Amino acid sequence: MVLTVVGTGFCFIPGFLGFLGIGIAIFGLITGIAGMTSVKTSPGNLGMDIASFIYGFTGLSVGMGFQIKFSNGHLDMLLLPLLESKLIILFFTGLILFIAVQLLSRKKWRAAGICAAVILYLFTSSAAWTILTIFERSGRSII
């Protein structure tokens, strides 16, 4: 969890340090995903792994949106070419599937569950940073 918190803090710095923070957050997130799917993880430590997911998701999604905003269009290739409504559906579907995969892989198929969770996480995060970028460029606020 410490890695994801540090990574989330650094991801708001434009440029190299921001991307370094995103990388640190991703590394912390992958260790958190592995801990969530482990049957040996106690319920007390499971909370730390869930917090790692939340911070890691914020670090990647919001951090990439922030880096795209300050790149002056140079990172637009990372945006998904979908309509806003489809992106929102993709985001919530990916999030629900991610949680379901985490619950199932805690019982069986741990290695496959971790791989599926990482892929679902990347799809969900890319939908999130695309939504944030679309909203920011159109002048709308999420909050």
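Up top is the structure.
Description of the structure in this document. All values reported here derive from a predicted model rather than from experimental measurement.

1. A short note on the overall build of the chain
So, step 1. Scanning the chain from N- to C-terminus turns up five helices and zero strands.
So, step 2. In the chain, the succession of α and β elements from N to C terminus is α-α-α-α-α.
So, step 3. Taking the principal axes of the C-alpha coordinates as reference, the chain spans close to 45 × 30 × 25 Å.
So, step 4. Expressed as a percentage of its 143 residues, the buried residues of the chain come to 40%.
So, step 5. As presented, the chain carries roughly 8,100 Å² of accessible surface, and 77% of it is formed by carbon and sulfur atoms.
So, step 6. Across the chain, the centroid of the 9 positively charged side chains sits 15 Å from that of the 4 negatively charged ones.

2. Points about unusual backbone geometry
So, step 1. Not every positive phi belongs to a glycine, and Asn 72 is a case in point at roughly 55°.
So, step 2. For Asn 72, the position within the fold is in the loop between helix 3 (43-69) and helix 4 (84-107).

3. Some remarks on the packing of helix 1 (residues 2-10) against helix 3
So, step 1. Two elements in contact, helix 1 and helix 3, have axes separated by 8 Å at closest approach and are oriented at 20°. Between helix 1 and helix 3, the interaxial angle falls into the category roughly parallel. As helix 1 packs across helix 3, the resulting crossing turns out to be left-handed. Between helix 1, through Thr 4, Val 5 and Thr 8, and helix 3, the contact on the second element is made entirely by Ser 52, Tyr 55, Gly 56, Thr 58 and Gly 59.
So, step 2. Of the residues contributing to the contact of helix 1 with helix 3, the split by class is two nonpolar, six polar and no charged.

4. Topic: the packing of helix 2 (residues 16-37) against helix 5 (residues 110-137)
Each pair of packed helices can be summarised by the angle the axes make with each other and by the distance between the axes.
So, step 1. Packing of helix 2 against helix 5 brings their axes to within 10 Å, and their N-to-C directions diverge by 140°. Classed by the angle they form, the pair helix 2 and helix 5 counts as oblique. Handedness of the helix 2/helix 5 crossing: right-handed. Residues Leu 29, Ile 33, Ala 34 and Thr 37 of helix 2 form the contact with helix 5, whose own contacting residues are Arg 110, Ile 114, Ala 117, Val 118 and Tyr 121.
So, step 2. Per-class residue counts for the contact of helix 2 with helix 5 are seven nonpolar, one polar and one charged.

5. Some thoughts on the side chain of Gln 67
So, step 1. Note that Gln 67 resides in helix 3.
So, step 2. Here Ile 13 takes part through its backbone oxygen, which lies 3.0 Å from a polar atom of the side chain of Gln 67.
So, step 3. Sequence-distant contacts of Gln 67, defined by excluding residues within four places in its chain, comprise Cys 11, Ile 13, Pro 14, Gly 15, Gly 18, Phe 19, Ile 22 and Leu 75.

6. A short note on the packing of aromatic side chains
So, step 1. Using the criterion set out here, one finds three aromatic pairs in the structure.
So, step 2. Seen in terms of ring centroids, Phe 12 and Phe 66 are 5.6 Å apart; in terms of plane orientation they differ by 75°. Their pairing is edge-to-face. Highlighted residues: Phe 12 in the loop between helix 1 and helix 2 and Phe 66 in helix 3, separated in sequence by 54 residues.
So, step 3. Here Phe 91 and Phe 92 contribute two aromatic rings whose centre-to-centre distance is 5.0 Å and whose plane-to-plane angle is 75°, an arrangement assigned as edge-to-face.
So, step 4. The class of Phe 91 is buried, set by a relative accessible area of 16%.
So, step 5. In this structure Phe 92 comes out as partly exposed when scored by relative accessible area, which is 46%.
So, step 6. Put simply, the rings of Phe 12, Phe 66 and Phe 70 touch in pairs and so form one group of aromatic residues.
So, step 7. Directly above the aromatic system of Phe 135 lies the positively charged group of Arg 140, at a separation of 4.4 Å from the ring centroid.

Reading guide: rules and limits
- Residues numbered from 1 in each chain as written.
- Predicted model: local features only at pLDDT ≥ 70, side-chain atom pairs only at ≥ 80, totals over all residues.
- Heavy atoms only, no water.
- Helix = DSSP H or I, 4+ residues; strand = E, 2+ residues; numbered from the N terminus.
- Buried < 20%, exposed > 50% of the residue type's maximum accessible area, 1.4 Å probe, protein only.
- Areas by Shrake-Rupley, 256 points an atom, 1.4 Å probe, with all protein chains shown as cover.
- Lys, Arg positive; Asp, Glu negative; His and termini not counted.
- Charge placed at Lys NZ, Arg CZ, Asp CG, Glu CD.
- Axes fitted to C-alpha atoms, helices over the stretch in contact; angles between N-to-C directions.
- Parallel < 35°, antiparallel > 145°, perpendicular 65-115°, else oblique.
- Left-handed = near helix turned anticlockwise from the far one by under 90°.
- Contact = heavy atoms within 4.5 Å.
- Nonpolar A, V, L, I, M, F, W, Y, C, P; charged D, E, K, R; others polar.
- Polar contact = N/O pair within 3.5 Å; in protein donor to acceptor, adjacent residues only side chain to side chain.
- Phe/Tyr/Trp six-rings, centres within 6.5 Å; stacked < 30°, edge-to-face > 60°.
- Lys NZ or Arg CZ within 6 Å of the ring centre and 35° of its normal.

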